[in-house]
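Notes for the structure review
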Amino acid sequence: AEDGIRDVERSRGLGDVYKRQIKMSLKYTVLLSCLIIPFIFLSKYLIVWIFTEKYINSITVFKILSVAFIISLIIEPLFLIAYSLNKPEHLAINDVLQLVINFLLNLLLIPLYGINGAAVATLISRILMSIFIGFYIKYMTRPQIVEKLI
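Residues numbered from 1 in each chain as written. Predicted model: local features only at pLDDT ≥ 70, side-chain atom pairs only at ≥ 80, totals over all residues. Heavy atoms only, no water.

**Quick word on the overall build of the protein**
Here is the rule we go by: Runs of E in the DSSP output that reach at least two residues are strands. Runs of H or I that reach at least four are helices, and both are numbered from the N terminus. Burial classes follow relative accessibility: with a 1.4 Å probe on protein chains only, a residue under 20% of its type's maximum area counts as buried, one over 50% as exposed, and anything between as partly exposed. Contact between two residues is taken to exist if any of their heavy atoms lie within 4.5 Å; hydrogens are not considered. Working definition of accessibility: Shrake-Rupley area with a 1.4 Å probe, residue cover restricted to the visible protein chains.
Scanning the protein from N- to C-terminus turns up six helices and zero strands. When the helices and strands of the protein are placed in sequence order, the string is α-α-α-α-α-α. Per-residue burial over the protein gives 33% buried out of 150 residues. Of the contacts formed within the protein by residues at least 6 apart in sequence, a portion of 70% connects residues at least 24 apart. For the protein, the accessible area works out to roughly 9,900 Å², and carbon and sulfur atoms hold 70% of it.

**Quick look at helix 3 (residues 59-84)**
What counts, and what does not: A helix is expected to span 1.5 Å for every residue after the first. Throughout, the bend at a residue refers to the angle made by two axes, fitted to the seven residues ending there and to the seven starting there.
Its 26 residues place the ends of helix 3 38 Å apart at the C-alpha level, agreeing with the 38 Å of an ideal helix rising 1.5 Å per residue. For helix 3, the principal kink sits at I75 and spans about 35°; a proline, P77, occurs within the next four residues. Looking at the residues trailing helix 3, positive phi occurs at N86, about 60°.

**Topic: the confidence of the model for the protein**
Our working definition: Every residue carries a pLDDT, the predictor's confidence in it, which falls somewhere between 0 and 100.
When pLDDT is averaged across the protein, the result is 83; 84% of the residues are at 70 or more. The model gives residues 1-11 a pLDDT under 50, and that stretch makes eight contacts with residues more than four places away or in other chains.

**Things to note about the packing of aromatic side chains**
Rules: Each pair of aromatic rings taken from Phe, Tyr and Trp, with Trp reduced to its six-membered ring, is defined by centres within 6.5 Å and is described as stacked if the planes are under 30 degrees apart, edge-to-face if over 60, and tilted in the remaining cases.
For the structure on display, the rule yields two aromatic pairs. Summarising the aromatic geometry, the rings of F51 and Y55 are spaced 5.8 Å apart at their centres and angled 65° between planes, so their arrangement reads as edge-to-face. Here Y55 falls in the partly exposed class, since its relative accessible area comes to 41%. Residues F132 and Y136 carry aromatic rings whose centres are separated by 6.3 Å and whose planes lie at 20° to one another, so their mutual orientation is stacked. Of this pair, F132 and Y136 both sit in helix 5 (residues 115-140), separated by four residues, roughly a single helical turn.

**As for unusual backbone geometry**
One non-glycine residue, T52, lies in positive phi territory at about 80°. Along the polypeptide, T52 turns up in the loop between helix 2 (43-51) and helix 3.

**Considerations on the nonpolar core**
Put simply, the rule is: We define a nonpolar core as any set of buried Ala, Val, Leu, Ile, Met, Phe, Trp, Tyr and Cys residues linked to one another through side-chain atoms lying within 4.5 Å.
I75, L78, I81, I133, Y136 and I137 are the most contacted members of the largest nonpolar core, which has 19 residues in total. Of all elements in the fold, only helix 1 (2-41), helix 3 and helix 5 reach the threshold of two or more residues within this core. Ranked by residues supplied to this core, first place goes to helix 3 with nine residues. What I81 contacts, discounting residues up to four positions off in sequence, is Y18, Q21, I22, I137 and T141.

Right, here's the structure in full:
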């Protein structure tokens, strides 16, 4: 009985460790994201300055993909937690789902919006998979689940 109590206490402790790790990681990735956001607003000037007027049509795509990048940057530490839970196969499933969603959205959006449709498809698939991994980590770091993992 004491071993069971210790396991529950240890699993709660691990759940707390994961939560602290998530908060610390998010603090840094959100801060880094805030440093990147001004480049989205300055993208017109930066693209023209670096690549000339020839690439002015790429500004919208750059802005959309920059938002997708920021989302990935914020969510990436959650993937490391899934690895620490010894569940890399769940991350592989997440990646395959993201690929399928992106592919299907590309089929739908590229004929309608061209390159901007491809960028929006990438953004939507990143948002959906970020939501998925967020719920997954929230579920997997509950004490009763962590208890089963140890």
